[in-house]
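Residues per chain are reported as follows:
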Amino acid sequence: MAGTQERTNIALVLGATGGIGGAVARGLNRRGWQVRALNRNAERAAQAEPAFDWRQGDAMSAHDVHAAAEGVDLIVHAVNPPGYRNWGTLVLPMLDNTIAAAKAEGARILLPGTIYNFGRDAFPILTEDAPQNPDTDKGLIREEMERRLKDASEAGVGVIIVRAGDFFGPGAANNWFSQGLVRPGKPVTAISYPGREGIAHQWAYLPDVAETMIRLVERTESLPHFAVYHMRGFLDRNGTEMAAAIRRVVGKPALPVRAFPWWLIGLASPFVPLFRELRKMRYVWREPLRMPNERLLAVLGEEPHTPIDEAVATTLKGLGCMPVETVASKTSGVRVLA
């Protein structure tokens, strides 16, 4: 297992073209790690991100994953089927390939976790060891992913799971911020909010999540075999604070906030796989949620945290909702605590 052999500081990232996978890969590269990345079109991916060692292959192929993982210390499992198509049938086989490669190479697995493997009974204060009784098919698969990783850890594979709230940030696709609150590529003229005023909601800024993961990787030798941590992220305490941040950043204090059109999600669900998943997860907007991070603080001392206005401004810029110069003027002088 990792820690009983000489470290090479080589990481294999599965999902390096995605939001969290790409952020972790770039962060590791800045720290001096050699980053390998598996992609079905490695030549095209290398043109977009030449700093990585791209390997041609598919995360669904055990052979490809094992070949790419040769000699690595760390496998970042941040891969999802494109557009969430066939999510239920592809996710677990991909994870099994990662586990097999990690066993063969003595590598630790790093997984970005979610809150969806928990049901309503674990709310409103969600701790790392809360019972997992998911309400949805996707939640059941997420629960099974963590169970398989727990079994792998008992067989000698090191595992780090970092669970966080709803992602937002530059490069983060398929999330509530970019596909619910605002319209990518368009100026912000209104905010569409899926929740209700008075209901707390947990958000996580993607660069902060990536930085948290990397800091944990840097402390691998002191972590348990199966290490699970929650991030506090940005807690919208009453369902109005994220909208207020968007208003401040775009300079429109009277920007209208409208109810998210759940009825439209219902109509489109038969045709859009992502919408089917969003509809099933509606309960996380109806129930208050807070994720304590005391376990994480005991290891890191602090949680990486970008001020919310800067995080929102950078996200809107990345989505093409604000011109770059506007973002710069709104965030000048704000310090990133990461």
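Preceding this paragraph is the structure being described.
Report follows, based on the coordinates.

About the thresholds
- Residues numbered from 1 in each chain as written.
- Predicted model: local features only at pLDDT ≥ 70, side-chain atom pairs only at ≥ 80, totals over all residues.
- Heavy atoms only, no water.
- Core = buried A, V, L, I, M, F, W, Y, C linked by side-chain atoms within 4.5 Å.
- Buried < 20%, exposed > 50% of the residue type's maximum accessible area, 1.4 Å probe, protein only.
- Helix = DSSP H or I, 4+ residues; strand = E, 2+ residues; numbered from the N terminus.
- Contact = heavy atoms within 4.5 Å.
- Pairing = 2+ DSSP bridges.
- Axes fitted to C-alpha atoms, helices over the stretch in contact; angles between N-to-C directions.
- Expected span 1.5 Å × (residues − 1).
- Phe/Tyr/Trp six-rings, centres within 6.5 Å; stacked < 30°, edge-to-face > 60°.

**Examining the nonpolar core**
Nonpolar side chains in soluble globular proteins tend to be buried together. By size, the foremost hydrophobic cluster in this structure holds 43 residues, and its most contacted members are Phe177, Met242, Ile246, Val312 and Leu316. Where this core is concerned, the elements lending two or more residues are helix H6 (176-181), strand E8 (191-193), strand E9 (201-205), helix H8 (241-250), helix H9 (262-268), helix H11 (283-286) and helix H13 (308-318). A total of six residues in this core trace back to one element, the largest contributor, which is H8. In contact with Val312, other than residues within four places in its own chain, are Phe168, Phe177, Met242, Ala245, Ile246 and Val249. Core analysis: the second largest hydrophobic core is formed by 38 residues, Ile20, Val209, Ile214 and Val217 among them.

**A short note on the sheet that holds strand E11 (residues 234-236)**
Strand pairing in a sheet relies on backbone hydrogen bonds, with the paired strands running either antiparallel or parallel. Strand order in the open sheet made by the three strands is E7-E9-E11, with mixed pairing throughout. Looking at strand neighbours, the two that pair on one side only are strand E7 (166-168) and E11, the edges of this open sheet. Across the sheet, the mean angle from the axis of one strand to that of its neighbour is 35°, orientation sign disregarded. Running at roughly 70° to E9, helix H7 (residues 206-217) makes contact with E7 and E9 of the sheet. Where H8 meets the sheet, its contacts fall on E7, E9 and E11, and the angle it forms with E11 comes to roughly 110°.

**Description of the environment of Met213**
Its place among the elements puts Met213 in helix H7. A C-alpha to C-alpha distance of 8.2 Å links Met213 and Ile160, two positions 53 residues apart in sequence. Once you skip the residues sitting within four places of it in the chain, Met213 turns out to touch Ile20, Val24, Leu110, Leu111, Pro112 and Val162.

**Overview of helix H4 (residues 87-105)**
For H4, spanning 19 residues, the distance from its first C-alpha to its last is 27 Å, which sits close to the expected 27 Å at 1.5 Å a residue. What H4 keeps buried is the set Trp87, Val91, Leu92, Met94, Leu95, Asn97, Thr98, Ile99, Ala101, Ala102 and Glu105. Where H4 is buried, its residues touch strand E1 (10-14), helix H3 (62-68), strand E4 (74-77), strand E5 (108-113) and helix H5 (137-154). Of the residues one or two after H4, Gly106 is the one with positive phi, at around 70°.

**Examining the packing of aromatic side chains**
On inspection of all chains with the given rule, the structure shows 12 aromatic pairs. Ring geometry for Phe168 versus Tyr205: centroids 5.3 Å apart, planes at 40°, classification tilted. Of this pair, Phe168 sits in strand E7 while Tyr205 sits in strand E9, and the two are 37 residues apart along the sequence. In terms of burial, Phe168 and Tyr205 fall into one category: buried. Relative to Trp285, the ring of Trp176 has its centre 5.4 Å away and its plane inclined at 75°; by these criteria the two rings are edge-to-face. Residue Trp176 is found in helix H6, and its partner Trp285 is found in helix H11; the two are separated by 109 residues along the sequence. With respect to class, Trp176 is no different from Trp285; both count as buried.

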